[in-house]
Amino acid sequence: MNVAGIPYRTIWLDQEDAGVVKIIDQRYLPHRFIVESLSTPDQMARAITDMHVRGAGLIGAAAGFGMYLASLTADRSSLDSFMVDMARSAEMLIATRPTAVNLSWAVQRILDGISASGASVEDKIAICLDSAHAIADEDADFCRRIGRHGAEIITGISNSKAGATVNILTHCNAGWLAFVDYGTATSPIYTAFGQGIDVHVWVDETRPRNQGASLTAWELQQQGIPYTVIVDNAGGHLMQHGMVDLVITGSDRTTFTGDVANKIGTYLKALAARDNGIPFYVALPSSTFDWTVRDGVRDIPIEQRDGEEVRYIEGLAEDRLTSVLITPQNSPVANYAFDVTPARLVTGLITERGICPASEEGTLSLFPEHRGTVPQP
Ligand SMILES: CSC[C@H]1O[C@H](OP(=O)(O)O)[C@H](O)[C@@H]1O
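Residues numbered from 1 in each chain as written. Predicted model: local features only at pLDDT ≥ 70, side-chain atom pairs only at ≥ 80, totals over all residues.

1. Digging into the packing of helix H2 (residues 56-73) against helix H3 (residues 79-94)
Here's step 1: Between H2 and H3, whose axes approach to 10 Å, the crossing angle comes to 150°. With respect to each other, H2 and H3 are oriented roughly antiparallel. Remark: the crossing between H2 and H3 carries right-handed chirality. Packed against H2, whose contacting residues are Ala-63, Gly-66, Met-67, Ala-70 and Ser-71, the element H3 presents Asp-85, Met-86, Ser-89, Ala-90 and Leu-93 at the interface.
Here's step 2: Looking at the contact of H2 with H3, its residues break down into 6 nonpolar, 3 polar and 1 charged. (Axes fitted to C-alpha atoms, helices over the stretch in contact; angles between N-to-C directions. Helix = DSSP H or I, 4+ residues; strand = E, 2+ residues; numbered from the N terminus. Parallel < 35°, antiparallel > 145°, perpendicular 65-115°, else oblique. Left-handed = near helix turned anticlockwise from the far one by under 90°. Contact = placed C-beta atoms within 7 Å. Nonpolar A, V, L, I, M, F, W, Y, C, P; charged D, E, K, R; others polar.)

2. Section: the nonpolar core
Here's step 1: Ranked by internal contacts, the top residues of the largest apolar core, which has 97 residues, are Ile-11, Ala-62 and Met-67.
Here's step 2: Domain assignment of the residues forming this core places at least three in each of domain 1 (2-138) and domain 2 (147-370).
Here's step 3: Each residue touching Met-67, except ones within four places of it in the same chain, is listed here: Ser-89, Ala-90, Leu-93, Val-107, Ile-110, Cys-128 and Ala-132. (Core = buried A, V, L, I, M, F, W, Y, C linked by C-beta atoms within 7 Å. Buried ≥ 20, exposed ≤ 12 C-beta atoms within 10 Å, placed from the backbone. Domains from an automatic or database assignment.)

3. Here's the deal with the pairing of strand S4 (residues 21-24)
Here's step 1: Taken together, the 3 bridges between strand S3 (residues 11-13) and S4 define a ladder with antiparallel strand orientation. Each residue of the ladder has a partner; that of Trp-12, found in S4, is Lys-22. (Pairing = 2+ DSSP bridges.)

4. Considering the site of the ligand
Here's step 1: Around the ligand sit 16 residues in total, of which Arg-54, Ala-56, Ala-178, Gly-250 and Lys-263 are the nearest.
Here's step 2: Inspection of the shell around the ligand shows a minimum of three residues originating in each of domain 1 (2-138) and domain 2 (147-370). (Near = placed C-beta within 6 Å.)

5. Some remarks on the pairing of strand S9 (residues 246-249)
Here's step 1: Neither face of S9 is left uncovered, since the one carrying Leu-246 and Ile-248 and the one carrying Val-247 and Thr-249 both have all their residues buried.
Here's step 2: Note that strand S6 (residues 166-170) and S9 share 2 bridges and pair parallel. Its bridge partner lying in S9, Leu-169 is registered against Val-247.
Here's step 3: With 3 bridges connecting them, S9 and strand S12 (residues 280-283) associate as parallel partners. Bridge assignment links Thr-249 to a residue of S12, and that residue is Val-282.

6. Here's the deal with the sheet that holds strand S13 (residues 289-290)
Here's step 1: Within the open sheet, the 4 strands sit side by side as S13-S10-S11-S16. Their pairing is mixed. Among the strands making up the open sheet, the edge pair consists of S13 and strand S16 (338-341).
Here's step 2: Bridge count for strand S10 (residues 253-255) against strand S11 (residues 260-263) is 2 bridges, and the pairing is antiparallel. Across the sheet, the residue bridging to Thr-254 is Val-260, located in S11.
Here's step 3: Set on the sheet, helix H9 (residues 266-275) makes contact with S11 and S16; between it and S16 the angle comes to about 30°.

Taken by themselves, the reported measurements are silent on function.
If you want it as structure tokens, here you go:
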């Protein structure tokens with residue numbers, strides 16, 4: 001997407017130095033646009049853990065490039081020692097964030113690639129780089145397709161309202177910053193807006209890290225799309241008063257039965273949407289499906305993050321980035337980063353192959369290659 005008229009992806013290989021991966025450091029947005037250079041797998045792991053990069057698709061792509069950086073620094077004295085180092089880096093990268101499945105999916109894809117082929121260390125390094133690029137390109141392409149499919153839902157609502165504004169509520173940031181390009185929840189909005197549909201977005205601020213208020217709002221502003229930031233608890237009220245036509249969120253892990261793990265608070269929005277008869281869609285690329293988990297509430301691991309994210313709130317004060325304590329000193333806090341919305345509350349899943357019901361039959365009808373391998377009840 002464009003930033004001040006210049007096209008950017010969220011992650012890319014430095015054109016001058018193939019040992020350097022560049023990222024947009026999202027900790028500083030919306031106040032500063034800072035590009036960070038990373039040259040070791042440890043730096044990439046730190047960038048993922050501390051959320052310089054975040055969002056399911058982007059941490060998958062980041063893990064892919066992290067594996068490439070690992071290949072450059074791994075022991076080259078033999079193929080065996082190279083693979084031992086790669087396995088160690090894989091473990092480190094996978095441990096950075098537990099809920100978004102894209103991360104382990106990307107690491108495993110690269111490990112499988114270098115296990116299956118590459119006669120020399122140089123060949124295996126080349127496979128790592130090609131795979132990292134393929135993961136990133138695929139993510140961008142899938143998100144673009146999600147936009148095309150999801151825009152049909154928005155167009156349908158626009159038609160049913162005789163062209164009046166379609167009000168869409170979203171939670172957290174499942175925009176292009178959370179992926180390599182386009183995003184998932186926002187991609188249909190970008191497409192519909194580009195087609196001339198009158199849209200307006202309600203942006204949940206999304207405590208504790210405020211990815212909605214800082215990142216989604218910044219993205220929409222950059223693209224000139226009308227939006228309003230709301231506090232996390234406002235959505236139900238807006239829905240009761242006919243001010244929300246549609247909810248679209250992203251997902252960090254979706255079971256093949258249609259349960260959706262996404263940023264904490266998503267479940268409450270789905271409940272309010274159901275109570276008010278408002279469609280609740282989840283947009284995700286196929287890399288976000290977990291084909292091994294049947295019961296998301298029971299079996300998806302939920303990341304718990306540092307309590308300081310709850311105790312403090314970050315922002316700009318007198319042009320300086322500042323962190324402010326909002327609880328009593330050392331207050332006990334709990335910081336569950338994700339929750340799971342059961343499939344029964346999800347109207348449909350918007351994927352790169354089209355839209356399907358959030359159910360085992362729905363996902364397997366779009367992705368029939370997984371029939372026969374998913375766990376039985
Ligand atoms: C589905 S990717 C966007 C997604 O990323 C968020 O998590 P985080 O910022 O902690 O990486 C959240 O679940 C968003 O919906």
